[in-house]
Every structure is written in C-alpha cells, then in structure tokens.
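Summary of the model geometry
For reference, the chains in residue letters:
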Amino acid sequence: MNYVRTGMLLAAMTALFMGIGFMIGGQTGMLIALLIAGGMNIFSYWNSDRMVLAMHHAQEVDERQAPELYGMVRTMAARAELPMPKVYVINNPQPNAFATGRNPENAAVAATTGLLNSLTKEEVAGVMAHELAHVKNRDTLIMTITATIAGAISMLANFAFFFGGNRNNPLGLIGSILMMFLAPMAAALVQMAISRTREYAADRMGAQICGNPLWLASALHKIAGGAARVVNEDAEHNPATAHMFIINPLSGQNMDNLFSTHPNTDNRIAALREMASEGGFSEMRSSGGGHFGVRETSNAQPQRDARRPSGPWGSAGNTGQRRGGEQSGRDEPRKPKGPWG
C-alpha cells in the first residue's frame, strides 16, 4: 500500500512540474519539465535522504560519540523489530527531530541538540519511538521524496516570473505570477494530504514502541513550546522539509488549519492521553531537562548547560544523583519502568 501511495505522490509531483513547465514555455516547456521530473524522481529515490540531512547540517554520530542517544535508538529499534538506523545530531537550539531513508534498511534518525538538552530520557524515548514508527510504516520514503521535489517545484515556480514575456507562455506575465504562488501552494497541499494521518499513526505506534503514551505527549508539549520560541534557520531556508519534523519547525505554524503540515499539537496530546488512560498509565512527573553528551564530531556539538548533571542516564557512578548529593530514587516509583532498565 505504501508503494502505491509513493507512486501516486510521484505522479502528482510530476504533473505539477509539467504544469509549471507548460505555463513557462508551452508544450516545449512541458516536455522539458517532464524530462526533469523523471530524472528527479530517480535521483530522489536514491539520494533525497542525504540531501535533507545536508540541508540541516546533520552530523552522524556513533556509540562512542553519543553513547546515551545511540543506546536509546538501538533499544527502541530492537523493540520495534527494526534494523539499527544511522543516528544524526543537528547542532540547532530548537527542540525537534525527524527520520529519513528510503526503507528500514537505509533509515536514519536525527535529533537537534535543543531536543537532547531540554527533554528527559523518557521524553527522548517517546520522540525516538515516534520517528522509528515512521520508519516501520515506511513513511520516510514519501516524506523525503516530497521534501526534495516540493522544494524543486517551488524553485521552478519562482523562475516562471522571469519568463513572463516568453511568447510560448499561454498566459503571459499574469500566468507566471499566478504560478509563482499557486504551484508551491499545490505542492504544499500534496504534502498535507500525506502528513496529518501519518503523524497520528506514528504517535500511536511510537507510544506502543516506547511503552508509555505519556512520554511522547509530554515531549510534544515541550517541543511545541520550544519550536514557537526558537527560530530554526535551516528549516526557514528549506520550508519544503517542514513536514518531516515531529513538530512543524517553521514560525507561525501552530494552528490546525488548511495550510499547516502537522495536526494541532493539543489534539495529538489529547489522543495520546486518551490512549494512556485506556492503558492504565498515570500522569508522569517532570524530572527536569536532559542532557545527552555528544563528543566532538565535525561541527556537531550540543550546547552545554553547567546547571545540569552530565545526563539523564549518566554513568553508573552518578545515576539517580541530583546536585548536592540528593537522591532522586524516591521519585522513581511514580514513573513507569523504562524499556532500557
């Protein structure tokens, strides 16, 4: 079924590409656009994941460089019965994450330093489980190809303005101006058509993978707040990738309306809380922000916070410790047992 949806998506994107080509250069422009679209479809299938990761300056990490995060992803992948994906860290203060890859065997998950520094280990588990749910559902192929081709459509539509005087353009300058606005909008509608139900399904499966819907609900609340306060410059420069993130990274995109690529966050949280209530889970208590150590790797380094301990998992010698030697063990009975312990 997923391959059928992918084929329909590629056909829709190709049709948009051909329509823009016709508006720019008539039948000749449409033929050229068809050839370009065909080449892009092939290229996107094999390379779109690398392009998206490069757009957001993601740096791959291993178990030595990011032991806590890598171990978490490995545990979640095992619970989801998936191959171990590649793990990436994005040096960005906005809390967010996404998954990419054409299939589970070639998947990758990426988290920002803002997410790793501000969420608890339970919340990070919920986020990673959500992203792995996209991998398991094979959403990542559609998400990644859409990001690549939608960006190209937007760029081609902008070029239409400069060809407004072309005698082969059936509508002239007015048609070019219209296409400059309508083509990106049409591409966004295709994105939205595959986005909303996909996010709800990934929330449900992610809650099952991590073991507690409230972990993901709490994470969504924090990420939405952080995304509203912190501008993601890379996402603003590449808006066609916005639908890939767990929360829309673009400013001013909180509302659940026609032009939002994500469902309303409050609705997603409500659905997860209902799922938790049906499963007998109680509200989790906040244990403060997390910090996942990532050793230096190229340009990716999480922001340090001297007020926080070394990490929510830490080393064997300081696990469960608070500043001043106070033990947090008394809070543990209130939390469900994690899949890692």
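Structural notes, computed from the coordinates. This is a predicted model, so every value here is computed, not measured. (Residues numbered from 1 in each chain as written. Predicted model: local features only at pLDDT ≥ 70, side-chain atom pairs only at ≥ 80, totals over all residues. Heavy atoms only, no water.)

Section: the overall build of the protein
The cut-off we apply is this: Counting from the N terminus, the helices are the DSSP runs of H or I reaching at least four residues and the strands are the DSSP runs of E reaching at least two. Only protein chains enter the calculation, and the probe is 1.4 Å; a residue is then buried if its accessible area is under 20% of its type maximum, exposed if over 50%, and partly exposed in between. Should any heavy atoms of two residues lie within 4.5 Å, those residues are counted as being in contact. Where accessible areas are quoted, they stem from the Shrake-Rupley method and a 1.4 Å probe; at the residue level, only the protein chains shown are allowed to cover.
Helix and strand counts for the protein come out as 10 helices and four strands. The order of α-helices and β-strands along the protein, N terminus first, is α-β-α-β-β-β-α-α-α-α-α-α-α-α. The buried share of the protein, taken over its 341 residues, is 52%. The contacts of the protein with a sequence gap of at least 6 include a subset with a gap of at least 24, amounting to 69%. Carbon and sulfur atoms provide 57% of the accessible area of the protein, an area that totals close to 15800 Å².

Brief notes about the pattern of salt bridges
Put simply, the rule reads: Throughout this description, the term salt bridge denotes a Lys or Arg side-chain nitrogen within 4 Å of a carboxyl oxygen of Asp or Glu.
What the rule picks out here adds up to five salt bridges. The shortest N-O distance in the salt bridge between R74 and E63 comes to 2.7 Å. One end of the pair, R74, is in helix α2 (residues 67-79); the other, E63, is in the loop between β1 (58-61) and α2, with 11 residues separating them in the sequence. For R74, a relative accessible area of 38% translates into the label partly exposed. We note a salt bridge from E123 to K222, for which the minimum N-O separation is 3.0 Å. Taken together, the residues span a long stretch of sequence, with E123 in helix α4 (residues 121-136) and K222 in helix α8 (residues 213-229) at a distance of 99 residues. Note on K222: relative accessible area 25%, which makes it partly exposed.

Some points on the packing of aromatic side chains
Defined as follows: Between 30 and 60 degrees the pair is tilted, below 30 it is stacked and above 60 it is edge-to-face, where a pair is any two Phe, Tyr or Trp rings, Trp via its six-membered ring, whose centres lie within 6.5 Å.
Counted under the stated rule, the structure contains one aromatic pair. When the centroid spacing of 5.0 Å and the interplanar angle of 70° are considered together, the rings of F98 and F245 count as edge-to-face. Taken as a pair, F98 in strand β3 (residues 97-100) and F245 in the loop between α9 (233-237) and α10 (265-279) lie far apart in primary sequence, 147 residues in all. With respect to class, F98 is no different from F245; both count as buried.

Let's talk about helix α7 (residues 196-210)
The following threshold applies: Here the expected length of a helix is defined as 1.5 Å per residue gap, with one fewer gap than residues. Think of it as the arc spanned by the lines of direction from the helix axis to the C-beta atoms.
Look at α7: 21 Å from first C-alpha to last across 15 residues, which is about the 21 Å you get at 1.5 Å a residue. Buried residues of α7: R198, E199, A202, D203, G206, A207, I209 and C210, and no others. With its buried residues spanning 165° around the axis, α7 presents them on a single face. Away from its buried face by more than 90 degrees, α7 exposes T197 and Q208. Directly after α7, the chain includes G211, whose backbone phi takes a positive value near 100°.

Regarding the pairing of β3
For clarity, the cut-off: Each pair of strands is called paired provided DSSP finds at least two bridges between the two strands.
Of the two faces of β3, the one holding A97 and A99 and the one holding F98 and T100 are both buried throughout. Pairing of β3 with strand β4 (residues 108-112) involves four bridges; the strand directions are antiparallel. Looking across to β4, one finds that A99 is bridged to V109.

Looking at the sheet that holds β3
We apply this condition: As a rule, the C-alpha atoms of each element are fitted with a line to give its axis, helices using only the stretch in contact, and angles between N-to-C directions run from 0 to 180 degrees.
Taken together, the four strands give an open sheet; going across it, the order is β1-β2-β4-β3, and neighbouring strands pair in mixed fashion. For this open sheet the edge positions go to β1 and β3, each flanked by a neighbour on one side alone. Sheet twist, expressed as the average angle between the axes of neighbouring strands with direction ignored, equals 30°. As paired strands, β1 and strand β2 (residues 86-90) are joined by four bridges and run antiparallel to one another. Within β2, the residue paired with A58 across the bridge is I90. Sheet contacts for α2: β1, β2 and β4; angle to β2, the most-contacted strand, approximately 135°. The sheet contacts of α4 involve β3 and β4, and relative to β3 the element is tilted by about 25°.

Observations regarding the nonpolar core
Soluble globular proteins: nonpolar side chains tend toward being buried together. To keep things clear, this is the line we draw: Nonpolar cores are built from buried Ala, Val, Leu, Ile, Met, Phe, Trp, Tyr and Cys residues. Side-chain atoms within 4.5 Å join them into one set.
Among the nonpolar cores identified, the biggest contains 44 residues, and L69, M76, L115, L116, V127, M128 and I223 are the most heavily contacted of them. No other element matches α4, which puts eight residues into this core. Excluding residues within four positions of it along the chain, M128 makes contact with L69, M72, V73, M76, A97, V109 and A111. Counting 11 residues, the second-largest nonpolar core is a separate cluster that includes V52, A58, F98 and F245.

Some thoughts on the side chain of E123
Put simply, the rule is: Two N or O atoms form a polar contact when they lie within 3.5 Å of each other; inside protein one atom must be a possible hydrogen donor and the other a possible acceptor, and for residues adjacent in sequence the pair counts only when both atoms belong to side chains.
On the basis of relative accessible area, E123 is assigned to the buried category, the value being 2%. A polar side-chain atom of E123 sits 3.0 Å from a polar atom in the side chain of K222. Leaving out residues up to four positions away in the same chain, E123 has contacts with W215, S218, A219 and K222.

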